Amino acid sequence: MTVLAKFLRSVNDILTTLLLWTYFLFGYIIFFSPFYILNTFFSKNQERSFQALNHFFYKGFFLWARFLIPRLKIKIQDNVRTIRSSVIVCNHLSYLDPILLISIFKKQRTIVKSIFFNVPIFGNVLTISGYIPSDASGDLSSILIDSMDTMKEFIASGGNLFVFPEGTRSRDGSLGEFSKGAFRIARHCKASIKVLQIKDTNQLFQPGRFFFHTLDKIRIEVNLIGTIEPDYKSTDSSVTSLMRQVRTIFEN
Amino acid sequence: MERKEIEKHILRIFHDEFEIENPENDIDLREAYGFDSIDAIELLAEIEVFLGFELTLDEKKQAMEISTLGQIYDYVENLSNSRD
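This one's a predicted model, so the numbers in the text were calculated from it and none came from an experiment.

**Topic: the overall build of chain B**
Okay, step 1: Counting its regular elements, chain B contains five helices and zero strands.
Okay, step 2: Of the regular secondary structure in chain B, the N- to C-terminal order runs α-α-α-α-α.
Okay, step 3: Here the C-alpha atoms of chain B give a radius of gyration of 12 Å, agreeing with the 12 Å that 2.2 N^0.38 yields for 84 residues.
Okay, step 4: The principal-axis extent of the C-alpha atoms belonging to chain B is close to 35 × 25 × 20 Å.
Okay, step 5: Here chain B holds 84 residues, and the buried ones make up 46% of them.
Okay, step 6: Long-range contacts, defined as pairs at least 24 residues apart, comprise 65% of the intrachain contacts of chain B with a sequence gap of at least 6.
Okay, step 7: Entry remark: accessible area of chain B is about 4600 Å², with carbon and sulfur atoms responsible for 43%.
Okay, step 8: Taking the average location of the 8 positive side-chain charges in chain B and that of its 23 negative ones, the two points are 4 Å from each other.

Below you can see the structure in the form of structure tokens.
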């Protein structure tokens, strides 16, 4: 590749990234914040309204991304879109993964790093949305307790809890150690476990790189690769066993 | 409720629900077994079943600061006495 071509690629990456970040900032402030504010005061079910707003906001982000990056394709399996009342566990490749899943599921909860709950406004949105802090001490403990107290009802009413059990992004695509939180919650709620595999979000937004990769052909996929319907009365539904079953699904 | 009864039941919960065998009384459960906040919530649900009443938010928040098995015994004993 010539120096000029490299330069032009970089310029395109930078401009596209700026336009995407513009959506994040101004899209949020101009188009979505009025709805968040209205729902704060007038919604009968704030949590559900906030989750729906998060869903539409991130859906808008991916529509915008596909418009700006014509060679980007996003393929979501039909049987992924119809998942309800489940604990979803998923591999983790990029910061885009959580927002991609929010853009797929309108009624969603997830586990978020505790530090984000302390960010002004954003932390409030996370709390009202019913999201769970990854670790709860001090003030965050009441958020965790509230969220867990209503988790069974949330899942029974069709909501999905999605979790990245590795906790951190995989740099080389290999599967890391699992945290047991998702499996503990699945047991607590006696929920089905759906195993999703995300592909190539790290091609669009690579870990350690600030700019989106905008000129190559990228095909992001989200596939349902397994379902576990545990018999929670049997010994085979221990957290360790559930973790082992999910790992086997990923490795096969 | 007798302290011994509480200890026996809590140990059974640790065995059945958390796959932790006979933890020492003063060991930090998080460091030794990765016992985290979500585990603590699950334990509280089991304690509610054991005691036969629901805990208040303040009682639950208090539990989130607990780190050893000995503290759990004290906590459950206090709860039991508070409702007698």
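**A word on the pairing of strand β3 (residues 108-112) of chain A**
Residue and element names in this part refer to chain A.
Okay, step 1: Taking burial as the measure, the five residues of β3 include four buried ones, the bulk of the element.
Okay, step 2: With three bridges connecting them, β3 and strand β5 (residues 160-163) associate as parallel partners. When the bridges of β5 are listed, glutamine 108 appears paired with asparagine 160.
Okay, step 3: Across two bridges, β3 lies against strand β4 (residues 132-133) in parallel orientation.

**Some words on the layout of surface pockets**
Okay, step 1: As a volume, the largest pocket reaches approximately 1500 Å³.
Okay, step 2: Around the largest pocket, the lining is made up of 42 residues, and of these Tyr95, Pro98, Val112, Lys113 and Phe116 of chain A lie nearest the centre.
Okay, step 3: Of all elements in the fold, only α1 (3-42), α2 (46-68), α4 (96-104), β3, α5 (122-128) and α8 (181-189) of chain A reach the threshold of two or more residues within the lining of the largest pocket.
Okay, step 4: If you tally residues by element for the lining of the largest pocket, the top one is α1 of chain A, at six residues.
Okay, step 5: Here the second largest pocket defines a volume of roughly 590 Å³.
Okay, step 6: If you trace the second largest pocket, you find 25 residues lining it, with His188 and Lys190 of chain A together with Glu17, Glu42 and Glu46 of chain B closest to the centre.
Okay, step 7: For the lining of the second largest pocket, the elements supplying multiple residues, two or more each, are α6 (140-149) and α8 of chain A together with α1 (3-18) and α3 (37-51) of chain B.
Okay, step 8: Top contributing element to the lining of the second largest pocket by residue count: α3 of chain B, with six residues.
Okay, step 9: Class assignment of the residues belonging to the lining of the second largest pocket gives a composition of seven nonpolar, five polar and 13 charged.

**Quick notes on the packing of α2 of chain A against α4 of chain A**
Residues and elements named next belong to chain A.
Okay, step 1: Here α2 crosses α4 at 115°, and the two axes come no closer than 7 Å. Judged by the inter-axis angle, α2 sits roughly perpendicular to α4. Where α2 crosses over α4, the handedness of that crossing is left-handed. Together, Asn54, His55, Tyr58, Lys59, Phe61 and Phe62 of α2 and Leu96, Ile99, Leu100, Ile102, Ser103 and Ile104 of α4 make up the contact between the two elements.
Okay, step 2: Classifying every residue of the contact of α2 with α4 gives eight nonpolar, three polar and one charged.

**Remarks on α6 of chain A**
Okay, step 1: Where burial is concerned, most of α6 of chain A is hidden: eight out of the ten residues are buried.
Okay, step 2: Leu140, Ser141, Ser142, Ile143, Leu144, Ile145, Ser147 and Met148 of chain A are the residues of α6 of chain A that are buried.

**What to know about the confidence of the model for chain B**
Okay, step 1: Residue-level pLDDT values for chain B average 92, and 100% of them are 70 or greater.
Okay, step 2: With a pTM of 0.91, the predicted complex shows an ipTM of 0.85.

**Overview of the interface of chain A and chain B**
Okay, step 1: Contacts between the two partners involve 21 residues from chain A, matched on the other side by 20 residues from chain B.
Okay, step 2: Buried surface at the junction of chain A and chain B, summed over both partners, amounts to about 1600 Å²; 54% is from carbon and sulfur atoms.
Okay, step 3: In terms of surface lost to chain B, no three residues of chain A exceed Ile145, Lys180 and Arg184 of chain A, which account for 33% of the buried area on that side.
Okay, step 4: Where chain A meets chain B, there are five salt bridges.
Okay, step 5: The residue aspartate 39 of chain B makes a salt bridge to lysine 180 of chain A at a minimum N-O spacing of 3.0 Å.
Okay, step 6: Our enumeration of links across chain A and chain B arrives at eleven residue pairs in polar contact (both at pLDDT 80 or more).
Okay, step 7: The set of elements that each furnish at least two residues to the side of chain A that touches chain B consists of α6, α8 and α10 (239-251) of chain A.
Okay, step 8: Ranked by the residues each element gives to the side of chain A that touches chain B, the list is headed by α6 of chain A, at seven residues.

**Some details on α4 of chain A**
Okay, step 1: Within α4 of chain A, eight of the nine residues are buried, leaving the element largely enclosed by the surrounding structure.
Okay, step 2: For α4 of chain A, the complete set of buried residues consists of Leu96, Asp97, Ile99, Leu100, Leu101, Ile102, Ser103 and Ile104 of chain A.

What counts as what
Residues numbered from 1 in each chain as written. Chains lettered and ligands numbered in written order. Predicted model: local features only at pLDDT ≥ 70, side-chain atom pairs only at ≥ 80, totals over all residues. Heavy atoms only, no water. Helix = DSSP H or I, 4+ residues; strand = E, 2+ residues; numbered from the N terminus. Rg over C-alpha atoms; globule rule 2.2 N^0.38 Å. Buried < 20%, exposed > 50% of the residue type's maximum accessible area, 1.4 Å probe, protein only. Contact = heavy atoms within 4.5 Å. Areas by Shrake-Rupley, 256 points an atom, 1.4 Å probe, with all protein chains shown as cover. Lys, Arg positive; Asp, Glu negative; His and termini not counted. Charge placed at Lys NZ, Arg CZ, Asp CG, Glu CD. Pairing = 2+ DSSP bridges. 1 Å grid on protein atoms, 1.4 Å probe; cavity = no way out; pocket = protein on both sides within 12 Å on 5 of 7 lines; lining within 4 Å. Points joined across faces, edges and corners; volume = space filled by probe spheres on them. Nonpolar A, V, L, I, M, F, W, Y, C, P; charged D, E, K, R; others polar. Axes fitted to C-alpha atoms, helices over the stretch in contact; angles between N-to-C directions. Parallel < 35°, antiparallel > 145°, perpendicular 65-115°, else oblique. Left-handed = near helix turned anticlockwise from the far one by under 90°. pLDDT = per-residue confidence, 0-100. Buried area = accessible area lost by both parts, 1.4 Å probe. Salt bridge = Lys/Arg side-chain N within 4 Å of Asp/Glu carboxyl O. Polar contact = N/O pair within 3.5 Å; in protein donor to acceptor, adjacent residues only side chain to side chain.

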